[in-house]
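# Secondary and tertiary structure notes
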Amino acid sequence: MDAPTIQAVRGMNDVLPDEAVLWEHLEHAARKIFAQYGYRNLRVPIVEATGLFVRGIGDATDIVEHEMYSFEDRLNGESLTLRPEATAGIVRAAIEHHLTYERPQRVWTAGPMFRHERPQRGRYRQFHQLDVEALGFEGPDVDAEQIVMLSRLWEKLGLAGMSLHINTIGDPDERLAHRRALVAYFGEHAGALDEDSRRRLATNPLRILDSKNPSMQSIIAGAPKLVDQLGADSASRTHFEGVKAILSEAGIAFEVNARLVRGLDYYNRTVFEWVTDRLGAQGTVAGGGRYDGLFEQLGGKATAACGFAIGVERMVLLLKDGGRTAESVPDAYVVHVGEAAAPLARTTAERLRDAGLTVTVNAGGGSIKAQMRRADASGARWALIVGEDEVRSNRVALKPLRVAAEQVSLPPETVAKHIGATLERAE
Ligand code: HAM
């Protein structure tokens, strides 16, 4: 009897090699630009104590209420959670290792996050983020710098049509005043609220503004806006003006979206999202903002901070939709026939790799014809052929597959140079 097959868990995807090259292309571009702006890599665990997210993200958020993968440690019963995002873990690590005691830090990390959401295009249960955090910076310059860095990344990746939404959600006292105003306003319209929003009215009224329910939109449109609650010379208004001024100076178009509140509770002042209309409902490809209170909330010293995360799957969808393909073809494929030929095939391949070329050596035998078919299917630019004649004369035959060049026969030490020259010409 055939054993039943086991499939991937719903909402958790395999990334197969043809698509993974696009991931690498994106990750490479992002890593490069983060480094150019002074961000250094840091890695934190995928599993953290559940309390970190409850305290960090907020117990009335969708993530904490409905979406966490939590389980008990089988030894001591401690509640642990697969991280739904990276910021809380990074702040925990920064506090634990006194990372910002001497100087502020620009850091980034990348990896899988887990949220038990309803899977659909652009929304998964295991997804990946490129996450960037500036820890210990107060001014609006860092908020703006991160936004500018992202726009440079879109440019590098050839992505057009990204729009930037920004907003300020003020400081805690302003948020409290706004919250009171919202409770009063929505309280007056309680009859028109849906069930979710009625519940939110008591726990997290700000999130009502984020409701996608069409029947709620006109009430939401009339709700008091936080920007209107900020005093003319309040620190958070000045901060917001500062961010906007630097963005304008950098020539970056933005829309101030008073409804933008984000789904995590740790934010204050600047919040932003980069959005595209090419991904339907899952159009937010990157989001973030300032979270000056999170260090203290997690038991650390008060430390201003700001960051964002890019959704890797959504970016890859965009790159694919844009017809983007990344190449992962070898420069050469080595065909070898007969036992005596294998060592020369291998040493020649190593010489080429030493010279920086990518080389696939045929494995698993086969006739010359079968191996040449594989060479062609690999997309290689050149086939290198090693047979008994070549072993005897210590030469390798080079057959062009995807370069305009003649077939030649060369001693192994000059093969790399010959191939290198033809590839340079092709580029
Ligand atoms: P977030 O808005 O929850 O923020 O997620 C950031 C990005 O991750 C989203 O804009 C989206 O592209 C992607 N994303 C979120 N959930 C999913 C999902 N279920 N499937 C696919 N992609 C998804 C944060 O996580 C904050 N930690 C960002 C941040 C960093 N704020 C300050 N520092």
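Residues numbered from 1 in each chain as written. Predicted model: local features only at pLDDT ≥ 70, side-chain atom pairs only at ≥ 80, totals over all residues. Heavy atoms only, no water.

Here the focus is the overall build of the protein chain. On a plain count of helices and strands, the protein chain comes out with 16 helices and 16 strands. For the protein chain, whose C-alpha radius of gyration is 28 Å, the value lies well above the compact-globule estimate of 22 Å for 427 residues. Taking the principal axes of its C-alpha atoms as reference, the protein chain extends roughly 90 × 65 × 45 Å. Counting over 427 residues, the protein chain shows a buried share of 50%. In the protein chain, 70% of the contacts between residues at least 6 apart in sequence involve partners at least 24 apart. Summed over its atoms, the accessible surface of the protein chain is roughly 21,100 Å², and 50% of this surface lies on carbon and sulfur atoms. Side chains of the protein chain give 51 positive and 58 negative charges; the mean places of these two sets differ by 3 Å. (Helix = DSSP H or I, 4+ residues; strand = E, 2+ residues; numbered from the N terminus. Rg over C-alpha atoms; globule rule 2.2 N^0.38 Å. Buried < 20%, exposed > 50% of the residue type's maximum accessible area, 1.4 Å probe, protein only. Contact = heavy atoms within 4.5 Å. Areas by Shrake-Rupley, 256 points an atom, 1.4 Å probe, with all protein chains shown as cover. Lys, Arg positive; Asp, Glu negative; His and termini not counted. Charge placed at Lys NZ, Arg CZ, Asp CG, Glu CD.)

Next up on the list: the domain arrangement of the protein chain. For the protein chain, the assigned domains are domain 1 (17-170 + 230-321) and domain 2 (332-426). Averaged C-alpha coordinates put domain 1 and domain 2 at centres separated by 47 Å. (Domains from an automatic or database assignment.)

Positive phi, normally seen in glycine, also occurs at Arg262, with a value near 70°. Position of Arg262 among the secondary structure elements: in the loop between strand S8 (255-256) and strand S9 (268-275). The buried category is assigned to Arg262, whose relative accessible area is 13%. Phi is positive for Asn394, close to 50°, though the residue is something other than glycine. On the secondary structure map, Asn394 appears in the loop between helix H15 (388-393) and strand S15 (396-400).

Turning to the site of the ligand, a few remarks are in order. Around the ligand, 26 residues are found, and the nearest of them are Glu85, Glu117, Tyr124, Glu133 and Tyr267. Within the side chain of Tyr267, a nitrogen or oxygen atom sits 2.6 Å from a nitrogen atom of the ligand. Thr284 is positioned with one of its backbone polar atoms (N or O) 2.9 Å from an oxygen atom of the ligand. In isolation the ligand exposes 660 Å². Once the protein is present, 96% of that is buried. Every element with two or more residues in the shell around the ligand is listed here: strand S6 (126-135), strand S10 (284-290) and strand S11 (305-311). (Near = heavy atom within 4 Å. Polar contact = N/O pair within 3.5 Å; in protein donor to acceptor, adjacent residues only side chain to side chain.)

This brings us to the sheet that holds strand S13 (residues 359-361). Sheet strands pair by backbone hydrogen bonding; their relative direction is either parallel or antiparallel. Read from one edge of the open sheet, five strands run S13-S12-S14-S15-S16, paired in mixed fashion. At either margin of the open sheet sits one strand with a lone partner, and together these are S13 and strand S16 (408-410). Neighbour-to-neighbour, the strand axes of the sheet open up by a mean angle of 25°, direction not taken into account. The pairing of strand S14 (residues 382-386) with S15 spans four bridges and is antiparallel. Bridge assignment links Ala383 to a residue of S15, and that residue is Lys399. Contacting strand S12 (332-336), S13, S14 and S15, helix H13 (residues 341-354) crosses the sheet at an angle of about 165° to S12. Packing of helix H14 (residues 368-377) onto the sheet brings it into contact with S12, S14 and S15, and relative to S12 it is tilted by some 170°. (Pairing = 2+ DSSP bridges. Axes fitted to C-alpha atoms, helices over the stretch in contact; angles between N-to-C directions.)

As paired strands, strand S3 (residues 69-72) and strand S4 (residues 79-82) are joined by four bridges and run antiparallel to one another. Counterpart to Ser70 in the pairing with S4 is Thr81. Counting the residues that bridge the hairpin from S3 to S4 gives six residues, and of these Gly77 lies at a positive phi of roughly 75°.

Counting 73 residues, the largest nonpolar core has Phe34, Trp154, Trp274, Ile310 and Met315 as the members making the most contacts within it. In terms of residues, this core owes the most to one element, helix H5 (residues 140-156), which gives eight residues. In this structure Met315 touches Leu26, Trp154, Leu157, Leu159, Met162, Val285 and Ile310, once residues within four positions along its chain are discounted. In terms of nonpolar packing, the next biggest core, distinct from the first, is built from 20 residues, Leu344, Ala349, Leu352 and Val403 among them. (Core = buried A, V, L, I, M, F, W, Y, C linked by side-chain atoms within 4.5 Å.)

Time to look at the pairing of strand S7 (residues 163-168). For S7, the tally of buried residues reaches five of six residues, placing the bulk of the element in the interior. Taken together, the six bridges between S7 and S9 define a ladder with antiparallel strand orientation. Bridged to Leu164 within S9 is Trp274. Of the strand pairs in this sheet, S7 and S8 are connected by two bridges, and their pairing is parallel. Residue pairing for S8: Ile166 is matched across the bridge by Val256.

With that settled, consider the packing of H5 against helix H10 (residues 235-249). Relative to each other, H5 and H10 sit at 40°, their axes nearing to 8 Å. On the basis of the axis angle, H5 is oblique to H10. Taken as a pair, H5 and H10 cross one another with a handedness that is right-handed. The residues of H10 that touch H5, namely those facing Pro140, Asp141, Asp143, Ala144, Ile147 and Val148, are His239, Gly242, Val243, Ile246 and Leu247. Considered class by class, the residues forming the contact of H5 with H10 number seven nonpolar, two polar and two charged. (Parallel < 35°, antiparallel > 145°, perpendicular 65-115°, else oblique. Left-handed = near helix turned anticlockwise from the far one by under 90°. Nonpolar A, V, L, I, M, F, W, Y, C, P; charged D, E, K, R; others polar.)

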